[in-house]
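# A closer look at the structure
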Amino acid sequence: MNASENKKGILSRVLDIVYKFADIICFVLLSASLVWLCLFPTPNYPKNIYISENALLPGQIETTFGGESNYVQNRMLNLRTLIDNKDQGWANELMTIFDEFGIESEKSTDNELLTTVHAIVRATRADTVESLAITTSTITTCNKSNSNGVELLLSLAKHFADQNYWSKDIVFVFSDKGEDGIYKWLQLQNLVLENELNHKHRVSGLQAALSIELPPSSSYSDFALYYEGKNGQLPNLDLPNIVKEIFSYNRFSTFHHGNFNCDLESNDIKGQINRYLCVSYGLLENMKWLAFGTSVGTHAPFLEFRIDALTIRGIPNDSMNSTDPATLIRLGSYAHRSILANSRDSYAKTHIPDDSSP
């Protein structure tokens, strides 16, 4: 008997054993797979693994948010003071916080006229060819402190860095000169400028951007959504509609370009006339914003690079400097879901379960 015949004989005997105990082997493998599947919902087991099949992603995604808020709020005390006083030391303090979070960050300055800081949460499920941006400025459109917005972005960054289901890089961008700073940051990210210190930490393939602006207030119950199209063209409404629908699930009112919704319940003549006038006014206002743009938020610079962008601006309930942590938790949770819904590998908003967190 030669060697080849000997190998065939061994293989034949192995196959005979497998066929003989096939039912038992299948039962053991099926049981093991079910036990493994049952481990996914446990809080600690899925932190260091991921599944590439999109069909299983919703069961792995953690939609709760807020465990980081107390830590971030305490860590923000010094940074909040620097931002409120418009102290240039805010950038170094912010980078120190990101170093504590274990997130790569970088600062850029333009002859001390403007300063930007960006931090990147790298995707664990992809080859970093696509990314999303979340931006804010240290000052609001009305030249007030936006430390509430900075605190929210820090909480999101801390939370996102602990998750492992991202299919896109997420970059957090902070500027002290609003749109000018974001525009300069985009140039340093996408272009190679002469006589400029270009970015070392970069992202590629920006797909969308969210801008957050939270004027001083203890809470927010209404939000304005600002967006525009390039050169007066109609914008892509997918992102605004996603944000509006997710916020509405949890009784947050959102208004396009800050225009309050019209009363559609009254059916008498006076009500119909008022409704017509209200809708007409809103239509003209929206046309004005689309044609001439808006200075609210930091979304506009992304249009030059054909990136869908949207500003979420909180409408203050009062003028207090600090915000109730519960409000930031709720807002952060819905911004979190908006990011998930906009990430094509993380499922659409209809697959993201709702919760009743305060």
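Shown above is the structure to which this text applies.
What you see is a predicted model, and the numbers here were worked out from it, not measured in a lab.

The eight strands lie next to each other as E1-E2-E4-E3-E5-E8-E6-E7, forming an open sheet whose pairing is mixed. Each edge of the sheet is formed by a strand with only one pairing partner; in this case those strands are strand E1 (104-109) and strand E7 (253-256). This sheet shows a mean twist of 20 degrees between the axes of neighbouring strands, independent of strand direction. Examined bridge by bridge, E1 and strand E2 (residues 115-121) share six bridges and lie antiparallel to one another. Across the sheet, Ser105 pairs through a bridge with Ala119, a residue of E2. Most of the contacts of helix H6 (residues 147-161) go to strand E4 (residues 169-175), to which it runs at about 160 degrees, and overall it touches E2, strand E3 (131-137), E4, strand E5 (206-213) and strand E6 (220-226).

Right, let's get into helix H5 (residues 90-101). An ideal rise of 1.5 Å per residue puts 16 Å on 12 residues; H5 measures up with 17 Å between its terminal C-alpha atoms. Inspection of H5 places Trp90, Ala91, Glu93, Leu94, Ile97, Phe98 and Phe101 among the buried residues, and these make up the whole buried set. One side of H5 holds all its buried residues, which, seen down the axis, span an arc of 165 degrees. Two residues or fewer past H5, Gly102 is found with a positive phi of approximately 80 degrees.

Counting buried positions along E5 gives seven out of eight residues, so the element sits mostly inside the fold. Bridging between E3 and E5 involves five bridges; their strand directions are parallel. Of the residues in E5, the one forming a bridge with Ile134 is Leu210. Sheet topology note: the E5/strand E8 (residues 308-316) ladder contains six bridges and is parallel. Paired with Glu213 across the strands is Arg313, a residue of E8.

About the criteria used
Residues numbered from 1 in each chain as written. Predicted model: local features only at pLDDT ≥ 70, side-chain atom pairs only at ≥ 80, totals over all residues. Heavy atoms only, no water. Pairing = 2+ DSSP bridges. Helix = DSSP H or I, 4+ residues; strand = E, 2+ residues; numbered from the N terminus. Axes fitted to C-alpha atoms, helices over the stretch in contact; angles between N-to-C directions. Contact = heavy atoms within 4.5 Å. Expected span 1.5 Å × (residues − 1). Buried < 20%, exposed > 50% of the residue type's maximum accessible area, 1.4 Å probe, protein only. Arc of directions from axis to C-beta.

This is a description of form; function is not addressed.
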